[in-house]
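# Chain and residue survey
These are the residues of each chain, in order.
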Amino acid sequence: MTTGLVSPKRCADSHGDRHNDGLKLHDLSLATRSGVRGVKASEWLIAQSLHQELKTHELQPPELQPNTLVELPGSRLLMALSTREFWLLEPETEAQASPIPSGHCAPGVWPLYNQNSHAWLVLSGEPRAEMMAKLCGVDLRIEAFPVGTVAQTQMALASVVIAHHLWRDEAVFSLFVDQSLADFAWEALQDAMEEFNSVQ
Amino acid sequence: MKIMHCPLNGPRNISEFAYGGQVEVMPDPHQCSDKDWASYVFYEKNAIGVVKEWWQHSPSSYWFIAERHNASDDILRTYDPSELFSERVDFTTGENEP
């Protein structure tokens, strides 16, 4: 467990140095994330230790609807991007340097390289949905995009996965963008946040 | 902005999609002539009417099928490929394989 994932360089808010309930952007790219994809991915997840944890939610991976996520014990999240692709997010666990997995986990199940392929940014505070409307065509207001839902879309014309979930008892947007676009996304978000500087 | 309905992700701006060609019956690559294979890969019928097309939602890399009128550009229906294809095509038994 670590709480030191967010470096000063990679934590920005929309109110300068004032720490209040305004928008804040965090970089969780050093936190752990993994995933599997394939026709047998849901069955493989059932066979893993996640099985018991999902039972506490009375959910099985096949019942996890695409573009939803559920919270697991240990501040972890299981996100379903389709019926064949699942990401496990561990925002409080620092990633370990480890070899990139090769080969399949099981027949019909392949590991994802999302630890390396995707940057992980977290947008917290209000009015994050209104701010994101500057960058993204999907309605992210709470009525249309409640906690526990996921949108795969574009943000500033870059592909992004947006997950609405609780982090440290606060509803936030996790934004996953291609690693090569991390700086672009960071700057685009900061630019969009600037408009809300005057919000009191 | 034109909106397309992705069967997986719902309505999205058309800029999020990429066209992938018409849906056609694939000839057996090991039995058909080069001309038939080239026709399948490179040519389209290009007749006016409702056509079935492959489209990809780029942010999720999800391929699906759309029925579109290629004169009016009206998208009539979109659906998962499993409605038409029940099994994966295996290309691993070609004569050039090691």
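Structural data are supplied above this passage.
Everything numeric here is computed off the predicted structure, so don't read it as measured data.

Bringing the overall build of chain A into the picture now. Helices and strands together make up the secondary structure of chain A, namely five helices and eleven strands. When each of the 200 residues of chain A is scored for burial, the buried share is 50%. Of the contacts made within chain A by residues no fewer than 6 positions apart, 60% connect residues no fewer than 24 positions apart. For chain A, the computed accessible surface area is about 9,900 Å², with 53% contributed by carbon and sulfur atoms.

In this section: the interface of chain B and chain A. Contacts between the two partners involve ten residues from chain B and, on the opposite side, eleven residues from chain A. In this assembly, chain B packs against chain A so that about 770 Å² is buried in total across both faces, 45% of it on carbon and sulfur atoms. Ranking the residues of chain B by area buried against chain A places Leu8, Arg12 and Pro59 of chain B at the top, with a combined share of 55%. At the surface where chain B touches chain A, the tally comes to zero salt bridges. In this assembly, chain B and chain A are joined by six residue pairs in polar contact (both at pLDDT 80 or more).

Here we come to the environment of Met4 of chain B. Residue and element names in this part refer to chain B. Inspection of the secondary structure assignment puts Met4 in strand 1 (residues 3-6). You can call Met4 buried: its relative accessible area is 1%. A C-alpha to C-alpha distance of 8.3 Å links Met4 and Phe17, two positions 13 residues apart in sequence. Dropping the residues within four chain positions of it, Met4 is found in contact with Gly10, Pro11, Arg12, Ile14, Phe17, Trp55, Phe64, Ala66, Ile75 and Thr78.

Reading guide: rules and limits
- Residues numbered from 1 in each chain as written.
- Chains lettered and ligands numbered in written order.
- Predicted model: local features only at pLDDT ≥ 70, side-chain atom pairs only at ≥ 80, totals over all residues.
- Heavy atoms only, no water.
- Helix = DSSP H or I, 4+ residues; strand = E, 2+ residues; numbered from the N terminus.
- Buried < 20%, exposed > 50% of the residue type's maximum accessible area, 1.4 Å probe, protein only.
- Contact = heavy atoms within 4.5 Å.
- Areas by Shrake-Rupley, 256 points an atom, 1.4 Å probe, with all protein chains shown as cover.
- Buried area = accessible area lost by both parts, 1.4 Å probe.
- Salt bridge = Lys/Arg side-chain N within 4 Å of Asp/Glu carboxyl O.
- Polar contact = N/O pair within 3.5 Å; in protein donor to acceptor, adjacent residues only side chain to side chain.

Honestly, it's all geometry; don't read function into it.
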